[in-house]
Amino acid sequence: MHPIVATVIQRLFLGIATLFVVSIIIFSSIEMLPGDFGQAVLGQAATEETVAAFRKELGLDKPAYIRYFDWVAGVIQGDLGTSFSGRAASGVDRSRPVAELIAPRLWNTLFLAGMTAIIAVPLALFLGITAALYRNTYYDKIVSASTLTTISFPEFFVAYILILLLTALWPVFPSLANIDVSTPLGERIYRSALPALTLTLVIVAHMMRMTRAAIINLLANPYIQMARLSGATQREVILKHALPNAWAPIATVIAFNLAYLVVGVVVVEVVFVYPGVGQLMVDSVTSRDIPVVQACALIFAITYIFLNLLADIIGIITNPRLLHPK
Amino acid sequence: MSKNDILLDIKNLKIEGFSDEKWHPIVKGVDLTLRRGQIMGLIGESGAGKSTLGLAAMGYTQPGCRITSGEIMFDGVDLAKLSEGKKREYWGNRITYVAQSAAASFNPAHRLIDQTTASTIRFGIKPETEAKADAVTLYDALNLPNPNMIGNRYPHQVSGGQLQRVMTAMAMSPRPDLIVFDEPTTALDVTTQVEVLTAMRKVVEEFNTAAIYITHDLAVVAQMADFIKVLRHGNEVEEAPTRDMLSAPKEDYTKSLWSVRALEKDPIKEQAPILEIKNIDASYSKVKVLNDVNISVPRGSTVAVVGESGSGKSTTARVITGLLPPMTGSIEFDGSTLPNKLEDRTKEQKRRIQMIYQMADTAMNPRQTVREIIGRPLEFYLGLSGAAREKRVVELLKMIELDERFIDRLPSELSGGQKQRICIARALAAEPDFIICDEVTSALDQIVQEGILKLLMRLQKELNLTYLFITHDISTVKAISDQVVVMNLGQVVEQGKKDDVFSPPHPEYTELLLSSVPEMDPDWLTNLNKVRQAS
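Keep in mind the model is a prediction, meaning the values are calculated, not measured.

Reading guide: rules and limits
- Residues numbered from 1 in each chain as written.
- Chains lettered and ligands numbered in written order.
- Predicted model: local features only at pLDDT ≥ 70, side-chain atom pairs only at ≥ 80, totals over all residues.
- Heavy atoms only, no water.
- Helix = DSSP H or I, 4+ residues; strand = E, 2+ residues; numbered from the N terminus.
- Rg over C-alpha atoms; globule rule 2.2 N^0.38 Å.
- Buried < 20%, exposed > 50% of the residue type's maximum accessible area, 1.4 Å probe, protein only.
- Pairing = 2+ DSSP bridges.
- Right-handed = clockwise from strand over helix to strand, strands pointing away.
- Contact = heavy atoms within 4.5 Å.
- Buried area = accessible area lost by both parts, 1.4 Å probe.
- Salt bridge = Lys/Arg side-chain N within 4 Å of Asp/Glu carboxyl O.
- Polar contact = N/O pair within 3.5 Å; in protein donor to acceptor, adjacent residues only side chain to side chain.
- 1 Å grid on protein atoms, 1.4 Å probe; cavity = no way out; pocket = protein on both sides within 12 Å on 5 of 7 lines; lining within 4 Å.
- Points joined across faces, edges and corners; volume = space filled by probe spheres on them.
- Nonpolar A, V, L, I, M, F, W, Y, C, P; charged D, E, K, R; others polar.
- Axes fitted to C-alpha atoms, helices over the stretch in contact; angles between N-to-C directions.
- Phe/Tyr/Trp six-rings, centres within 6.5 Å; stacked < 30°, edge-to-face > 60°.

**Q** So what's going on with the overall build of chain B? Residues and values would help.
**A** Within chain B one finds 23 helices and 20 strands. Over its C-alpha atoms chain B spans a radius of gyration of 25 Å, differing by no more than 12% from the 24 Å that the globule rule assigns to 535 residues. Taken over the C-alpha atoms alone, chain B extends approximately 75 × 55 × 45 Å along its principal axes. Split into buried and exposed, the 535 residues of chain B put 54% on the buried side.

Dropping the structure here:
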């Protein structure tokens, strides 16, 4: 077996192990939330007995570890459970499976993340590489200053500025990104433009700065001086000699930012009324809809672990020491 | 162009470097003339400006350096006045460079053959297929194993000595007029160095290429150069044809450059062994690195352990200190058996064996002052504190010939030799009987080396210390040891008194090792290769 396959399998197992630890953390932190669904729905006026009966119906009366194992066993079989909301103390049950609830939201989130990534990643790489190439020139300074400016503002502020500019002053894009399953692709892209642009401005700086730093960091290496003394131009030095050795740190930062696009964009979702997973999770926390919260948290954890695994793999295949062992 | 045309003519060259917010002179007005096909050796200590001058011969200055005046006439063009873009047309084309550490100077991301031929193809000297075929010819001429295949490998897949030869092939590929060799064999073992030197000399002669050969080792440069220029503090000390320079160096400074070789140790009275390691086998995970090693160290003496990298010298030190518990075997220290593991040893047992490392830089906490560095073992082993501790630190500083002003300094405010002295003081603070010196002088210049070695010898006499001195440098061994242990591939080849080990007959490996140490004789390499070919 090629050592890379072995490493990837090993990382995969580590990822699964991490996921288990995370599931414990998710479960116990939710346990620590004050109050529960029963109380939240029934309100202050409910008697002890009604709350207890409702809890029993939801299975909340079982000890925590049993509920944890029930949940994990369900997830392993692909069953994320049933949402609490839609149930009422009166016995009416209009609840839906968690998967059904999350799926369209998750698709929206992934769509927005993907759209942002398609704009932001190439842009950040281009800016980072050119900034390294023209280091300490005005170009470099302007790129660094402007990307740092956009990252320094809070997301909602960037969002409102864009709305002001691109909706109010020059009406190019709609300010509301209310899409649903039936929205056609072109319309979807058009309506998601502003949130995607906002997120691009938020994440480009980090990736661009790291790309520039990773390349410049390598310029002190003796093999860079050697390349120069072999007559290589600055462009050749950066693209042929530094960049191939810089992919591992760059991939790590890109993975981190892509993960952020999936798990951390609730503010932008709220501003543009974009129906993503972030909003769903926040709503579910408020209403103590535990199965949904748990499922969202788990999806976020999987996103992080998967993207970091991907970055690791890129780090390995771009490192000849690992790709071509002795 | 006739053969003896002047190729390179440097006149009154001055170079400055920027540090501590100021420009400091590095090269202070040096002349250098080189004709086609000639080899010039540049020697001097670190800081002499030899590398700066060597790079300047290409018109190149390191980042943070600048040429302030003078001219660098290369084949009728002043490189000092050319723009970066114009100079680039010379680099990798008519002038090439061989760097000190081949391992660090090859790009880890590309195959060797692509790096060998990159500039030849870039400048259109040869088309790709022809350049690659030529590279294979060069690999063959440089005695690289499997010349057809080695180019397809990545830098990390071949050994240091092989990489250095590939780099020579890379420098030779565009058939330059001039090659600058910057300490190309310094990082290699002596036996590898011989092969690399032979190969480099062969191709340089074959293609009648002019070369500048930078090194701090006079014996090495003697094998390569037609004439030698000695530099010190950015000035020329003297220049002479190699044979004249070796037989009759004019300046005192030049003579001092091989002073370590002249160091002698008085014979000592034989005492009973303080340390004996018996039948030691040790391994890193599954790789066995020591195989039935037996070493006996008499009290008050210096036992030198010599061998190439990978011979198990440093592993032996790790076994003695308990850092690497052996699989089998025992360590007897002063009449009793030491526990194999460090954590099983008592504080007193730990105190009596101390260690000094090769890189004084990394062996000290950069955030601690000399007071804290030396004071810590005083507190830990001897329970000294407050004024008593302070007094002892000053005493220790005196012992290593530094005055008490140094007590508040950080390692970054010390020179290389001073750092190593502080490390010696730290070892002495524990009042040990036995000190392991692991390549303690190999990172230092000849003259600084001499000072450290003299200090160690004086301390040994005064305190009846025992040293286990690990080194790959045979001239250091000759200078300071009473007994010598030769190691190879994890085994002891021989152990004996210095004079016995160094006088024939030798076991085969000792013979190879000793004969590979360059001598101050310009014919040494030629003669050695004749002898080796004959046998």
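**Q** Any details on the pairing of strand 17 (residues 434–438) of chain B? Residues and values, ideally.
**A** Residue and element names in this part refer to chain B. Among the five residues in strand 17, five count as buried, and that is most of the element. Residue alternation in strand 17 divides its side chains into two sets, F434, I436 and D438 and I435 and C437, and both sets are buried. Sheet topology places strand 16 (residues 353–356) next to strand 17; four bridges connect them, and they run parallel. Among the inter-strand pairings, I356 is bridged to a residue of strand 17, identified as C437. Where strand 17 and strand 18 (residues 466–471) come together, five bridges link them in parallel fashion. Along strand 18, the bridge assignment pairs C437 with F469. After leaving strand 17, the chain enters helix 19 (residues 446–463) and then returns to the sheet as strand 18, a path that is right-handed.

**Q** Just give me the short version of the interface of chain B and chain A, but keep the residues and values in it.
**A** With 26 residues of chain B at the interface, the matching set in chain A holds 21 residues. Note on chain B versus chain A: buried area summed over both sides is about 2,200 Å², and carbon and sulfur give 59% of it. The three residues of chain B that bury the most area against chain A are B:R88, B:R122 and B:H156, which together make up 27% of that side's buried surface. For the pair chain B and chain A, the number of links is one salt bridge. Of the charged contacts, one joins A:E236 and B:R122 as a salt bridge, the two residues approaching to 2.9 Å between their closest N and O atoms. Our enumeration of links across chain B and chain A arrives at twelve residue pairs in polar contact (both at pLDDT 80 or more).

**Q** So what's going on with the layout of surface pockets? Which residues, and what values?
**A** Residues and elements named next belong to chain B. A volume near 610 Å³ is recorded for the second largest pocket. Surrounding the second largest pocket, 21 residues form its lining, I353, Q354, M355, Y357 and Y381 being those nearest its centre. When residues of the lining of the second largest pocket are traced back to their parent elements, those giving at least two are helix 14 (347–352), strand 16, helix 16 (370–382) and helix 18 (416–429). Broken down by element, the residue count for the lining of the second largest pocket peaks at six residues, all from helix 16. Looking at the lining of the second largest pocket residue by residue, the classes come out as eleven nonpolar, five polar and five charged.

**Q** I'd love a proper account of the sheet that holds strand 13 (residues 302–306) of chain B, names of residues and values included.
**A** All names here are of chain B. Across the sheet, which stays open at both edges, the six strands sit in the order 16-17-18-13-19-20 with mixed pairing between neighbours. Edge positions in the open sheet fall to strand 16 and strand 20 (491–497), since each of these has one partner strand only. The mean angle between the axes of side-by-side strands here comes to 15°, regardless of whether they run parallel or antiparallel. Where strand 19 (residues 483–488) meets strand 20, six bridges bridge the pair, whose relative direction is antiparallel. Looking at strand 20, one finds that V486 is bridged to E494.

**Q** Can you tell me about the packing of aromatic side chains, naming the residues and giving the values?
**A** Any pair of aromatic rings gets described here by the distance separating the centres and the angle formed by the planes. All names here are of chain A. One pass over the structure, following the stated rule, counts 15 aromatic pairs over all chains. Considering the side-chain rings of F27 and W71, the 6.2 Å spacing of their centres and the 25° angle between planes classify their relative orientation as stacked. Taken as a pair, F27 in helix 1 (residues 3–32) and W71 in helix 4 (residues 64–76) lie far apart in primary sequence, 44 residues in all. W71 matches F27 in its accessibility class, with the two residues each being buried. Look at F256 and Y304: their rings are 6.5 Å apart centre to centre, the planes differ by 65°, and that puts the pair in the edge-to-face class. Of the two residues, F256 sits in helix 11 (residues 247–263) while Y304 sits in helix 14 (residues 290–317), which places them 48 residues apart along the sequence. When its relative accessible area of 43% is taken as the criterion, F256 is described as partly exposed.

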